[in-house]
Amino acid sequence: MILIEFEESLYDPISYWKGKNDKEVEMLLGESVAKMFSYNQRNPHHCYDLFTHTLHTVAGIKKTAPALLRVAAFFHDIGKPSVAMEKQGRLVFYGHAQKSAEIASPILKEIGYSDAELKEICFYIKHHDDFISWVLPNEEYNHENKYLVPITKENMQKHMEKVLKKIDVDDFQPNKQSWENLLELCYADASAQAEVVIQNGSIIDTKEHKLNKIRALQECLTD
């Protein structure tokens, strides 16, 4: 599949891709993409199979956003089938963001993206789950849990600085706009999830709560 055709397909992803079967998807973009087709995520946070979730995530990206962000949205979960683990009767996908970037990289290169474009796309893919354990400051939460981070400007700044320190000098160097783009991907990703998350008969989260967290994170980037 050529680059121009692929990017055009992402402006109306559901119309373009939903009518295709797994063999057609494989022919156009390869086996790894086709594996997402009809893949049951078996996780209470999700209401769609993996490919449908992907298409709805891409559709949630603003038309005015950079084309590379829609590309990142298309590949952001491609690594899930490779890392899926059974846990308490459901699937979990630890490390899938990094794995997704690894799997997407050669596909992107084959489509025709430059090394610089590839690095930027993979930045968004690698970091789209960075804030999954962050909490609103006014929420009740276990303060002893080191994985839970209050959403504040200070913590956001510390996180961005921490990421920059780990990035090689010749890799993509994210700026404020890059983080704004990333949070748009996070928002689109959450928008394509279940309205209510039920586990063991109890509501443990909601889509609106997730979106509120991302809005709070976006507010942290405002001057």
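What you are looking at is a predicted structure, and each value in this text was computed from that prediction instead of being measured. Positions within a chain are numbered from 1, following the residues in the order the chain's sequence is written. Whole-chain, interface and lining totals are the exception, using all residues; otherwise, since this is a predicted model, local features are given only for residues with pLDDT of at least 70 and side-chain atom pairs are given and counted only at 80 or more. For side-chain calculations, the full set of non-hydrogen atoms in the structure is used, while hydrogens and water are omitted.

K.L.:
An account of helix α10 (residues 153-166) is requested, with residue identities and associated values reported.
P.N.:
Helix length check: α10, at 14 residues, gives a terminal C-alpha distance of 20 Å against a target of 20 Å (1.5 Å per residue), a fit within 8%. Partly exposed residues are those whose accessible area sits between 20% and 50% of the maximum for their type, while under 20% is buried and over 50% is exposed, using a 1.4 Å probe and protein chains only. Each helix corresponds to a stretch of at least 4 residues labelled H or I by DSSP, and each strand to a stretch of at least 2 residues labelled E; elements are numbered beginning at the N terminus. The set of residues buried in α10 consists of Asn155, Met156, His159, Met160 and Val163. Down the axis of α10, the buried side of the element spans an arc of 135°, and every buried residue falls inside it. Turned more than 90 degrees off the buried face of α10, the exposed positions are Glu154, Lys162 and Lys165. Expected span, for any helix, means 1.5 Å times one less than how many residues it has. To be clear, the arc concerns the directions from the helix axis to the C-beta atoms.

K.L.:
Kindly report on the packing of aromatic side chains, identifying the contributing residues and their values.
P.N.:
Note on ring pairs: Phe, Tyr and Trp rings are taken, using the six-membered ring of Trp, and paired if centres are within 6.5 Å. Classes follow the plane angle, with under 30 degrees stacked, over 60 edge-to-face and the rest tilted. Within this structure, the stated rule accounts for 14 aromatic pairs. Between the aromatic rings of Phe51 and Phe74, the centroid separation amounts to 6.3 Å while the plane-to-plane angle is 85°, which identifies the pairing as edge-to-face. Taken as a pair, Phe51 in helix α5 (residues 50-59) and Phe74 in helix α6 (residues 67-75) lie far apart in primary sequence, 23 residues in all. Taken individually, Phe51 and Phe74 each receive the classification buried, so the pair is uniform in this respect. Members of the aromatic cluster, connected to one another through ring pairs, are Phe6, Tyr16, Trp17, Phe37, Phe51, Phe74 and Phe75. For a lysine, the NZ atom is tested; for an arginine, the CZ atom; a charge sits over a ring if that atom is within 6 Å of the ring centre and within 35 degrees of the ring normal. The ring of Tyr16 has Lys20 lying over it, and the distance from NZ or CZ to the ring centre is 4.7 Å.

K.L.:
Let's hear about the pairing of strand β5 (residues 196-199): which residues, and what values?
P.N.:
Pairing geometry for β5 and strand β6 (residues 202-206), over four bridges, is antiparallel. Paired with Val197 across the strands is Asp205, a residue of β6. Connecting the antiparallel pair β5 and β6 is a turn made up of two residues, with Asn200 showing a positive phi of about 55°. Any two strands with at least two DSSP-identified bridges between them are counted as paired.

K.L.:
An account of unusual backbone geometry is requested, with residue identities and associated values reported.
P.N.:
Across the chain, the bulk of peptide bonds are trans and the bulk of non-glycine residues have phi less than zero. With a phi close to 45°, Arg42 is a non-glycine residue in the positive phi region. Looking at the secondary structure, you find Arg42 in the loop between α4 (31-34) and α5. Relative accessible area serves as the criterion here: at 36%, Arg42 is assigned to the partly exposed category.

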